Amino acid sequence: MTDQEKSQRTPLIVGDIIDAIRGVLRKHDVTFEEYRAGFMHLMQLADAHEVPLLLDCYLNQTICDIEMKTRQGSRSNVEGPYFLEDAPMVTDTIKVRGDTKPLLIRCRVKDLQGQPIPDVITDIWFADSNGDYSGYSEDFPKEYFRGKTTTDSDGLYAVMGSIPKEYPMTSNEHGPTGTIIELLGGQGMRPQHIHFKYLKEGYAPLTTQTYFSGGAYLKEDPVGAVFDDLIHELKEEDGVAVLDLNIVLDPAA
Ligand code: DHB
Ligand code: FE
């Protein structure tokens, strides 16, 4: 897509979003009182800094599904609101703290023809045992629970991290996002997961997650992002839990 084509899409998409919302208001004969209640709820979302949480909860996976229409490699999955651009480079260990169980994350990255891809920069991030992501509060520096590593000449990387726990998507379950989840009959616990982002020139960037077989909440993920091909069984080697991943990158569009 050229820059001009991109800029022409923006007014079309924004116009259609407004039309779609107007359609809902008309369909339900929404009253001014109801409109103001929704308006106030959006104000509360903004005040509580939960706009990213709500948008990613309900819309991010839809974008991933659209991406999969033109991809043949590994599945794109929700980035969520907790990615940070400037995570530390790690060689073999991601720093963790608190009550955690070690996990070796080992991954082979290949192209669609099965050839290993070297020098793939991989961001890995996951929550601590309280469900918090580093870098989002003063006392939790971003060198913990996240890091960037690079595949070797065989397309491999291996780093030590820890097994994440399932946790509430929002630490404030009665906050403006939690009440929407409840209103719609959902529940707010995310299953155990690790986030990944794979970047290499010439290949389509891949943002995805890994889930763990047998874990809780796999069938009722509030984000709707759990797919069978993303669920992995842990192995054990020399008393250490191991997550073995095979990732396939699509060529750049
Ligand atoms: C969301 C996604 C996550 O992976 C997460 O840990 C928390 C929230 C989200 O989409 O809102
Ligand atoms: Fe997450």
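Before reading on, note that the structure itself is shown above.
As a starting point, this report considers the structure included with it. From a predicted model like this one, the values you see are computed outputs, not experimental measurements.

Take the overall build of the chain next. Summing up its helical and strand segments, the chain has 4 helices and 11 strands in all. Expected size for 253 residues packed as a compact globule is a radius of gyration near 18 Å; at 20 Å, the chain falls within 12% of this value. Expressed as a percentage of its 253 residues, the buried residues of the chain come to 38%. Here the contacts in the chain between residues at least 6 apart in sequence split such that 73% fall between residues at least 24 apart.

For the structure shown, the criterion picks out 9 aromatic pairs. On the numbers, 5.6 Å between centres and 80° between planes, the contact of phenylalanine 126 with phenylalanine 145 is edge-to-face. Within this pair, whereas phenylalanine 126 is found in the loop between strand 2 (121–125) and strand 3 (146–150), its partner phenylalanine 145 is found in the loop between strand 2 and strand 3, the two being separated by 19 residues in sequence. Accessibility expressed as a relative area gives 0% for phenylalanine 126, which makes it buried. Stacked on the ring of tyrosine 144, the Lys or Arg lysine 95 has its end atom at 5.5 Å from the ring centre. Lying over the aromatic face of tyrosine 144, arginine 97 brings its terminal NZ or CZ to 5.1 Å of the ring centre.

For the rest of this paragraph, the subject is helix 4 (residues 176–183). For helix 4, the full list of buried residues reads Pro176, Thr177, Gly178, Ile180 and Ile181. Of the surrounding elements, those touching the buried residues of helix 4 are helix 2 (32–47) and helix 3 (51–68). Positioned one or two residues after helix 4, glycine 185 has a phi angle of 80°, which is positive.

Further remarks concern the site of ligand 1. Taken together, 15 residues lie near ligand 1, and Leu53, Tyr133, Tyr167, Arg190 and His195 sit nearest. Here leucine 53 contributes a backbone N or O atom positioned 3.1 Å from an oxygen atom of ligand 1. With respect to ligand 1, the side chain of tyrosine 167 contributes an N or O atom lying 2.3 Å from an oxygen atom. Mapped onto the shell around ligand 1, the elements with two or more residues apiece are helix 3 and strand 7 (193–199). At 3 residues, helix 3 tops the list of elements feeding residues into the shell around ligand 1.

Turning next to a nonpolar patch on the surface. Taken together, the side chains of Leu12, Ile13, Ile17, Ile21, Leu25, Val30, Phe32, Tyr35, Phe39, Met40 and Met43 define a hydrophobic patch exposed on the protein surface, amounting to about 1000 Å² of accessible area. Secondary-structure elements contributing two or more residues to the nonpolar patch are helix 1 (3–27) and helix 2. With respect to the helices and strands, phenylalanine 32 occurs in helix 2. When its relative accessible area of 60% is taken as the criterion, phenylalanine 32 is described as exposed.

Phi is positive for aspartate 119, which is not a glycine, with a value near 55°. Its identity as a non-glycine residue notwithstanding, phenylalanine 145 has a phi of 60°, on the positive side.

Thresholds applied
- Residues numbered from 1 in each chain as written.
- Chains lettered and ligands numbered in written order.
- Predicted model: local features only at pLDDT ≥ 70, side-chain atom pairs only at ≥ 80, totals over all residues.
- Heavy atoms only, no water.
- Helix = DSSP H or I, 4+ residues; strand = E, 2+ residues; numbered from the N terminus.
- Rg over C-alpha atoms; globule rule 2.2 N^0.38 Å.
- Buried < 20%, exposed > 50% of the residue type's maximum accessible area, 1.4 Å probe, protein only.
- Contact = heavy atoms within 4.5 Å.
- Phe/Tyr/Trp six-rings, centres within 6.5 Å; stacked < 30°, edge-to-face > 60°.
- Lys NZ or Arg CZ within 6 Å of the ring centre and 35° of its normal.
- Near = heavy atom within 4 Å.
- Polar contact = N/O pair within 3.5 Å; in protein donor to acceptor, adjacent residues only side chain to side chain.
- Patch = residues over 30% accessible without salt bridge, like charges linked within 9 Å, V, L, I, M, F, W, Y side chains within 5 Å.
- Areas by Shrake-Rupley, 256 points an atom, 1.4 Å probe, with all protein chains shown as cover.
- Salt bridge = Lys/Arg side-chain N within 4 Å of Asp/Glu carboxyl O.

Geometric descriptors of this kind do not, in isolation, establish any biological role.
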